[in-house]
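Inside the fold
In case you want the letters, here they are:
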Amino acid sequence: MAVRFVGFVSLLLFSALLLPCSIHATQVDYCERGGDYDVEVKGVKISPDPVVRGKPATFSISASTGKAISGGQVVIDVYYFGAHIHSETHDLCEETSCPISAGDFVLSHTQSLPGFTPPGPYTLKMKMLSGNGLELTCIKFGFKIKIRSPIADS
């Protein structure tokens, strides 16, 4: 009986160690609640998370569409403590393979942030536009930037 109890407690402790990993998923919100978008975003993966200034960071957005998409633009706006600080526009076909067939796809963008980028909480707003300028989706999610650790760099 005591062996079973120790095994059960060990299982609980092991599960508790794994729990923070599963809770750490990036929360994604659509720009308009209940918006009817042609592209459904399933999730966002940020690597590394938190982002380290002066080092490359990759934002991978998994999504799906019911219609083929031949091209368009990705418009990114970045906010720091709620204040708009940066905008950029990319060709959709440079962020994923075009044409995009109906079904699942991944849009991925890698960028190195300058070493002087202030640490803290940021919000990224991303719009995906069709070649005709129609909004296919619009999402917002938060991420953090940290100062590079001198221990990790040695």
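Structure report, in brief. (Residues numbered from 1 in each chain as written. Predicted model: local features only at pLDDT ≥ 70, side-chain atom pairs only at ≥ 80, totals over all residues. Heavy atoms only, no water.)

1. A few points about the state of the cysteines
Our working rule: Cysteine sulfur atoms that pair up within 2.5 Å are treated as a disulfide. A run of H or I in DSSP counts as a helix once it spans at least four residues, and a run of E counts as a strand once it spans at least two, with each numbered from the N terminus. The buried label goes to any residue with under 20% of its type's maximum accessible area, the exposed label to any with over 50%, and the partly exposed label to all in between, with areas taken from a 1.4 Å probe on protein chains only.
Per the stated rule, a full pass over the model turns up two disulfides. A disulfide bridge connects Cys31 with Cys138, and the sulfur atoms are separated by 1.9 Å. Sign of the S-S torsion, about -70° for the bond between Cys31 and Cys138, identifies this disulfide as left-handed. You can see Cys31 sitting in the loop between strand S1 (28–30) and strand S2 (39–47) and its partner Cys138 sitting in strand S9 (residues 135–146), a full 107 residues away along the chain. What makes Cys31 partly exposed here is its relative accessible area of 24%. Here Cys93 pairs with Cys98 through a disulfide, and the sulfurs are 2.1 Å apart. One disulfide, between Cys93 and Cys98, carries an S-S torsion of -95° and so falls in the left-handed class. On the basis of relative accessible area, Cys93 is assigned to the partly exposed category, the value being 32%. Among the cysteines of the protein chain that take part in disulfides, numbered as they appear in the sequence, the pairing is 1-4, 2-3.

2. Looking at the side chain of Thr26
Quick note on the threshold: Two residues form a contact once any of their heavy atoms are found within 4.5 Å.
By the secondary structure assignment, Thr26 is in the loop between helix H1 (2–23) and S1. Not counting the four nearest positions on each side in its chain, Thr26 is found in contact with Val44, Ile46, Asp49, Phe141 and Gly142.

3. Re the pairing of strand S5 (residues 72–80)
For clarity, the cut-off: Pairing between strands is defined by DSSP: at least two bridges between the two strands are required.
A large share of S5 lies buried, amounting to seven of its nine residues. When S5 meets strand S8 (residues 120–130), the two strands line up antiparallel, connected through nine bridges. Residue pairing in the sheet places Gly72 in a bridge with Ser130 of S8. The pairing of S5 with strand S6 (residues 83–91) spans eight bridges and is classified as antiparallel. Within the sheet, the bridge partner assigned to Val74 lies in S6 and is His90. The antiparallel pairing of S5 with S6 creates a hairpin that spans two residues between the two strands, and Phe81 there sits at a positive phi of about 50°.

4. Topic: the nonpolar core
Counted only if it meets this: Buried residues of nine kinds, namely Ala, Val, Leu, Ile, Met, Phe, Trp, Tyr and Cys, make up a nonpolar core once their side-chain atoms join them within 4.5 Å.
Counting 27 residues, the largest nonpolar core has Met126 and Phe143 as its most contacted members. Taken together, the elements giving at least two residues each to this core come down to S2, strand S4 (56–65), S5, strand S7 (103–112), S8 and S9. Element by element, the count of residues in this core is highest for S9, at five residues.

5. Here's the deal with the packing of aromatic side chains
The test is simple: For Phe, Tyr and Trp, where Trp contributes only its six-membered ring, two rings pair if their centres lie within 6.5 Å, and the inter-plane angle classes them as stacked under 30 degrees, edge-to-face over 60, or tilted in between.
A complete count under the given rule lists six aromatic pairs for this structure. With a centroid separation of 5.3 Å and an interplanar angle of 75°, the aromatic rings of Phe59 and Phe143 are classed as edge-to-face. Of the two residues, Phe59 is situated in strand S4 and Phe143 in strand S9; the sequence distance between them amounts to 84 residues. For Phe59, a relative accessible area of 10% corresponds to the buried category. With relative accessibility at 8%, the residue Phe143 sits in the buried group. Pairing Tyr80 with Tyr122 gives two aromatic rings, centres 4.6 Å apart and planes at 35°, and the pair type is tilted. Here Tyr80 is found in strand S5, whereas its partner Tyr122 is found in strand S8, with 42 residues between them in sequence.

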